[in-house]
Amino acid sequence: MGLLGMDSTWGLAIWLALIIVGIYLLVRWHAGSFGYRCRKCGCEFHLSVLKDFITPHGLGNGGWKFLKCPKCRRWSRATVLQRTKEDS
Ligand SMILES: [Zn+2]
């Protein structure tokens, strides 16, 4: 009986680990696949995985993310740039 209880605890832990790894891979892919352009100065930049994960974003106007620009240091809804094509 004790063993069974231990198994379900492990099962839950493995489940949680899989979910966390899944989210991490998704966010890492997202951080690597998308860039952002500041609407104030036009500077294009990329985010670290953590920043990509914690910053708020929305879907209006082809996608935006509320970010502080590394160049002009102003907060704005940065335009989302997809990087599947060659940079033009
Ligand atoms: Zn800027």
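Shown above is the structure to which this text applies.
Residues numbered from 1 in each chain as written. Predicted model: local features only at pLDDT ≥ 70, side-chain atom pairs only at ≥ 80, totals over all residues.

## Topic: the overall build of the protein
Reasoning step 1: Across its full length, the protein holds two helices and five strands.
Reasoning step 2: Beginning at the N terminus, the succession of helices and strands in the protein can be written as α-β-β-α-β-β-β.
Reasoning step 3: Across the 88 residues that make up the protein, the buried fraction comes to 8%.
Reasoning step 4: Within the protein, residue pairs in contact and separated by at least 24 positions form 55% of the contacts whose partners lie at least 6 positions apart. (Helix = DSSP H or I, 4+ residues; strand = E, 2+ residues; numbered from the N terminus. Buried ≥ 20, exposed ≤ 12 C-beta atoms within 10 Å, placed from the backbone. Contact = placed C-beta atoms within 7 Å.)

## Let's talk about the sheet that holds strand 4 (residues 64–68)
As a general point, the strands of a sheet are linked pairwise by backbone hydrogen bonds and lie either parallel or antiparallel.
Reasoning step 1: Pairing is antiparallel in the open sheet, where five strands are placed in the order 2-1-5-4-3. Each end of this open sheet is capped by a strand with a single partner; those strands are strand 2 (44–45) and strand 3 (57–58). (Pairing = 2+ DSSP bridges.)

## Section: unusual backbone geometry
Reasoning step 1: Notably, R73 is not glycine yet its phi reads approximately 60°, a positive angle.
Reasoning step 2: Within the fold, R73 resides in the loop between strand 4 and strand 5 (75–82).
Reasoning step 3: R73 sits in the exposed class, given 10 other C-beta atoms within 10 Å.

## Considering the nonpolar core
Reasoning step 1: Counting residues in hydrophobic clusters, the biggest one holds six residues: Y36, C38, L47, L67, C69 and A78.
Reasoning step 2: In contact with C69, other than residues within four places in its own chain, are C38, K40, C41, C43, R74 and S76. (Core = buried A, V, L, I, M, F, W, Y, C linked by C-beta atoms within 7 Å.)

## Digging into the pairing of strand 4
Reasoning step 1: By the bridge criterion, two bridges tie strand 3 to strand 4 in an arrangement that is antiparallel. The partner of G58 across the bridge, within strand 4, is W64.
Reasoning step 2: Following strand 3, the chain reverses through five residues before pairing antiparallel with strand 4; N61 in that reversal takes a positive phi of roughly 55°.
Reasoning step 3: Sheet topology places strand 4 next to strand 5; five bridges connect them, and they run antiparallel. Among the inter-strand pairings, L67 is bridged to a residue of strand 5, identified as S76.
Reasoning step 4: Counted along the chain from strand 4 to the antiparallel partner strand 5, the turn is six residues long, and its residue R73 has a positive phi close to 60°.

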